[in-house]
Amino acid sequence: MDAHKENFLRNEFLTLSVNGALGRSRTYSKSATEEDKNRFRNALREKLDETSALYKSAVTEKEHLSIIENLSNDLTVRFHHCLRNGRFRIGIAQKALNLYLKYLWCVNLVSQPPHCPFDSIVIRHIPNCDNLSWTSIDSIEDYMKLVQNSQRMADGEPISEWELKVWTDSIQSERSSKIHQATKVQQKKRRKEINGWRVTSARFHDGLKQAMSRYRNSELTTAEIRKIVEHTPGLADHAQFIYPSDHCINHTNKGACWCALTDKAIFKRIRRGVFFIRNMA
Ligand SMILES: [Zn+2]
């Protein structure tokens, strides 16, 4: 990979990893200043980048565990004054390092990492670990509990691969719930259109009543009514929106006129396609 491209990616990945680890993890003490936080972030970035060089070739699980411990201890010693309970916890350190390694691995800048980042989404997919929160754990034993239970879930597959699937699946299920919501919005829109249609049929009520007044007390077919409408100025252009079935005393439709089922209705439906024109005042 071209050096500029690699530097660009490393910088982006460091930002994503540091944000992912520090974002909602309550890393700092209450008294930490903005300057403390900036210095800490920069130190973590530097340390992650330096550490990642070790992963150019395969790292064993044992080595990986001691690298996580070292990351946690080194930053604890340097920044205990601005860290919550004076510790850069194992849970947050593993997230930062494992996330950075995952990104680098995906673009072939390091070999396959021994583990995967553990956060709340991944932990949700690990049995017997719902009492562990990645932001609180601070021992290698708890961390190994996550590793071992996820290895059981991965069923022989490396957990770095397993975690990519867990993530893809959870993104997909989130997406399909978004599609579900979009469908709901569409349905709502359709209902609104039906309401718009209601406005449309009501818009022609007066004109239709007027046009039908000559045919009072008689029966007409839909086709005959259609012909009358098509020859009535003011209605002709909208004939496709005007249906006798929308203005019946004994019948209603989706999008019917306000007069439907009231004594102001223009028609009485005799049978399908045949309407009696009511004697309206
Ligand atoms: Zn009407």
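Predicted, not measured: the structure shown is a model, and the values here were computed from it.

Visitor: Any chance you could break down helix 2 (residues 34-52) for me, citing the residues and the numbers?
Guide: Residue pairs spaced three or four apart in an α-helix point in one direction, given the helix's 3.6 residues per turn. With 19 residues, helix 2 extends 27 Å from end C-alpha to end C-alpha; this agrees with the ideal 27 Å at 1.5 Å per step. The set of residues buried in helix 2 consists of Phe-40, Leu-44, Leu-48 and Ser-52. Viewed end-on, helix 2 has its buried residues packed into an arc of 90°, placing them on one side of the element. In helix 2, the exposed residues that point more than 90 degrees away from the buried face are Glu-35, Asn-38, Asn-42, Glu-46 and Glu-50. Elements in contact with the buried residues of helix 2: helix 1 (3-22), helix 3 (61-79) and helix 4 (90-106).

Visitor: With reference to specific residues and values, describe the pairing of strand 2 (residues 267-271).
Guide: Summarising the sheet, strand 2 and strand 3 (residues 274-277) pair through four bridges and their orientation is antiparallel. Across the sheet, residue Arg-269 finds its bridge partner in strand 3, namely Phe-275. Joining the antiparallel neighbours strand 2 and strand 3 is a turn of two residues, in which Gly-273 adopts a positive phi near 85°.

Visitor: How would you explain the nonpolar core if you had to name every residue and give the values?
Guide: Judged by nonpolar contacts, the single largest core of 40 residues is most densely connected at Ala-93, Ala-96, Leu-97 and Tyr-100. Only helix 1, helix 2, helix 3, helix 4, helix 6 (140-154) and helix 7 (159-203) provide two or more residues apiece to this core. In terms of residue count, helix 4 provides more of this core than any other element does, ten residues in total. Ignoring anything within four residues of it in the chain, the contact list for Leu-97 reads Leu-48, Thr-51, Ile-68 and Leu-71.

Conventions used here
- Residues numbered from 1 in each chain as written.
- Predicted model: local features only at pLDDT ≥ 70, side-chain atom pairs only at ≥ 80, totals over all residues.
- Helix = DSSP H or I, 4+ residues; strand = E, 2+ residues; numbered from the N terminus.
- Expected span 1.5 Å × (residues − 1).
- Buried ≥ 20, exposed ≤ 12 C-beta atoms within 10 Å, placed from the backbone.
- Arc of directions from axis to C-beta.
- Contact = placed C-beta atoms within 7 Å.
- Pairing = 2+ DSSP bridges.
- Core = buried A, V, L, I, M, F, W, Y, C linked by C-beta atoms within 7 Å.

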